[in-house]
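Breakdown of the fold
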Amino acid sequence: MTGQQPSQTGRDVGMHEAARREKLSKLEALGVDPWGGRFDDHQAIDKIRQREAEIVTSPPLADDPRQQPQQTGPRVRAAGRVVLQRKKGKLIFLDLQDWSGRIQVMIGQNQVGQQNWEVALLFDLGDMIGVDGELKRTRTGELTIFAEQLHFLTKSILPPPEKHHGLTDPELRQRMRYLDLVHSDGAMERFLKRTKIVQSIRRTLDAEGYVEIEGPTLHTIAGGAAARPFATHHNALNMPLFMRIALELHLKRLLVGGVERVYELGRVYRNEGISPRHNPEFTMLEVYQAYGNYETMMDLTERIILDAIAATGQPQQLSWGDATIDFTPPFARKTYDELFAEHTGIEPDDHAAICRLAEQIGFDTSAKHPDVVKNEVFEEKVEDALSGPLFVLDYPASICPLTKRARGRPEIAERFELFIQGMEVANAYTELNDPDLQEQLFRTQLEGQKEEDSMAKMDDDFIRALRHGMPPAGGLGVGIDRLVMLLTNMSSIREVILFPLLRPESEH
RNA sequence: GAGGCUGUAGCUCAGUCGGUAGAGCAACGGACUUUUAAUCCGUAGGUCCAGGGUUCGAGUCCCUGCAGCCUCACCA
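With that settled, the discussion passes to the sheet that holds strand β11 (residues 218–219). Taken in spatial order, the 3 strands make up an open sheet running β11-β13-β12, and their pairing is antiparallel. Only two strands of the sheet have a single neighbouring strand rather than two, namely β11 and β12 (231–234). The sheet contact formed by β12 and strand β13 (residues 239–243) spans 4 bridges and is antiparallel. Across the sheet, the residue bridging to histidine 234 is methionine 239, located in β13.

Structural data, given as structure tokens:
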């Protein structure tokens, strides 16, 4: 940016900003507030477009020299941003955009009067204006508001992106999401679709009698998942605190408290790497139902997803990149061991063969619990290949410290994960409610697992709650951002999070 | 954390073999009352991401750093 004129704050401004600030002064000289104010009773542009049918066309008057058909249309009022502008002598055509759509506005010097015209000459791309006028069609058939009165609502003193290409640099689109929303095709729709999905999930759960609660986000023990937490500190209590990594343990305390159907849909924080599928903060749904089990949760998961698809107005077959995902229920269900054998050709209980394969892949198998090795192989060989939607059932119990064991099969945990396009979208258990077993599992770290890598973190307060009696229950977790990715055909989580974490902008 | 790619005008992008920094849009001045990525005439606009090195000479080659994207790792 080249310094040409200092702004009021002393900052150097470029030629674009200088030109816009000059127009701002001219607006003030005309008695127009460049920052606008309340503007009532405008209609959404997509609603205005729907009124096209109200336009009445009659034959041209005989003495009309240009033989134009006579049109009478409804009077409309719109507000939005000027995104394209064509100044043509004593006519100005501009495209006005609000969050529902775009419409052309025509301003004629002789039609709007001198004051309006002088204001209109000061319009820049990006300015926000209000328009009163008649909805008609131009000679070329374009639906247009023929302006009668203009209202200046806000000056934009920085230039918008290039009008045809918009912003393409993903860094700029994420840093300046406001510009992305205005100028990138599909950006606004995508984030509004995310809102619809989240609304739909709440509606589905509310309708089935689940109550939404708000648990603490500051935890003294960051439990309920295997992840490193963000550490923080409370000054007055002089106490270390952690941002929550899961919602689980407080929701289960509420099961103890008699809240029989409960959920939380909110943000969790994990101090881990960033990737197209991982953001340090992300949105998680967890649902618990007293007297249910993981099969109850499987059915619920299907209903939540199918309702969300319907809420976005999409069919049950969705394209995702080059692939098509078929959400027609019921989703396939296969056991962990079944899939393990299918994809590795090794019997799930042949530990020696599993270790050989693990070492072939390059895993260190020494001093590791057999199920940890097996699961590493599973994640490597099976998970990425699961196009889904597929429920993977019945995990090795030893890697599931918060899950109830299958009746008569203590080596199996009643757990499922839902895989779609290689992504883990949901994870559910029949919840472990035996306080003694839970305490023992918290105490016993599996060999080869660092404490921070384990879901088993001792939480005495939680154990005490279990001793008071937690009903047998089903519990479900859903990664909302990933679900939104799948339902909006986005391959990066950063495209479904409004403001993903970025490093600070460099000075250079 | 590792590897690959990218970084040039407000935006989108060219820039050949190392030899004076380019275009389109946007901006500024002018023409134009049915345009629509308006058109036409003219003008202005640069810390080539930052720092170092090689060279007579670096946007271009080399090194270091910063940021983003992709792949991998961790993880959901």
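Moving on, we come to the protein's contact with RNA strand B. Residues in close proximity to RNA strand B total 53 residues, the closest being Asn110, Thr140, Lys163, His278 and Arg482. In RNA strand B, atoms within 4 Å of the protein come from the sugar-phosphate backbone in 58% of cases. The separation between a sugar or linking oxygen of RNA strand B and a polar main-chain atom of alanine 226 is 3.2 Å. The contact in question runs from a base oxygen of RNA strand B to an N or O atom on the backbone of glycine 273, over 3.2 Å. Broken down by secondary-structure element, the contributors of at least two residues to the surface near RNA strand B are α1 (15–29), β5 (75–88), β6 (91–98), α3 (109–112) and α5 (170–175).

A few words now on the packing of helix α8 (residues 248–256) against helix α14 (residues 460–467). Here α8 crosses α14 at 25°, and the two axes come no closer than 9 Å. The angle between α8 and α14 places the two elements in the roughly parallel class. When you trace α8 past α14, the crossing you get is left-handed. Of the residues in α14, those in contact with Leu249, Lys252, Arg253 and Val256 of α8 are Asp461, Phe462 and Ala465.

Rules used in this analysis
Here the residue index of a chain counts from 1 through its sequence in written order. Naming scheme: in the order in which they are written, chains are lettered from A and ligands are numbered from 1. Local features in this predicted model are restricted to residues of pLDDT 70 or higher, and side-chain atom pairs are both shown and tallied only at a pLDDT of 80 or more, whereas totals for entire chains, interfaces and linings draw on every residue. Just so you know, side-chain values use all the structure's heavy atoms and leave hydrogens and water out. The rule for pairing is simple: two strands pair if DSSP sees at least two bridges between them. We count a stretch as a helix when DSSP gives it H or I for four or more residues in a row; a strand needs E for two or more, and each element gets its number in order from the N terminus. Residues are labelled near a given molecule or strand when at least one of their non-hydrogen atoms is within 4 Å of it. Polar contacts, as counted here, are pairs of nitrogen or oxygen atoms within 3.5 Å of one another; within protein the pair requires one atom able to donate a hydrogen and one able to accept it, and residues that are adjacent in sequence qualify only if both atoms are side-chain atoms. Each axis is a line fitted through C-alpha atoms, and for a helix only the stretch in contact is used; angles between axes span 0 to 180 degrees, taken between their N-to-C directions. Our angle categories are set so that under 35 degrees counts as roughly parallel, over 145 as roughly antiparallel, 65 to 115 as roughly perpendicular, and the remainder as oblique. A clockwise turn of the near helix away from the far one marks a right-handed crossing, whereas an anticlockwise turn of less than a right angle marks a left-handed crossing. Residue contacts follow a heavy-atom distance rule, with two residues in contact if any of their heavy atoms lie within 4.5 Å.

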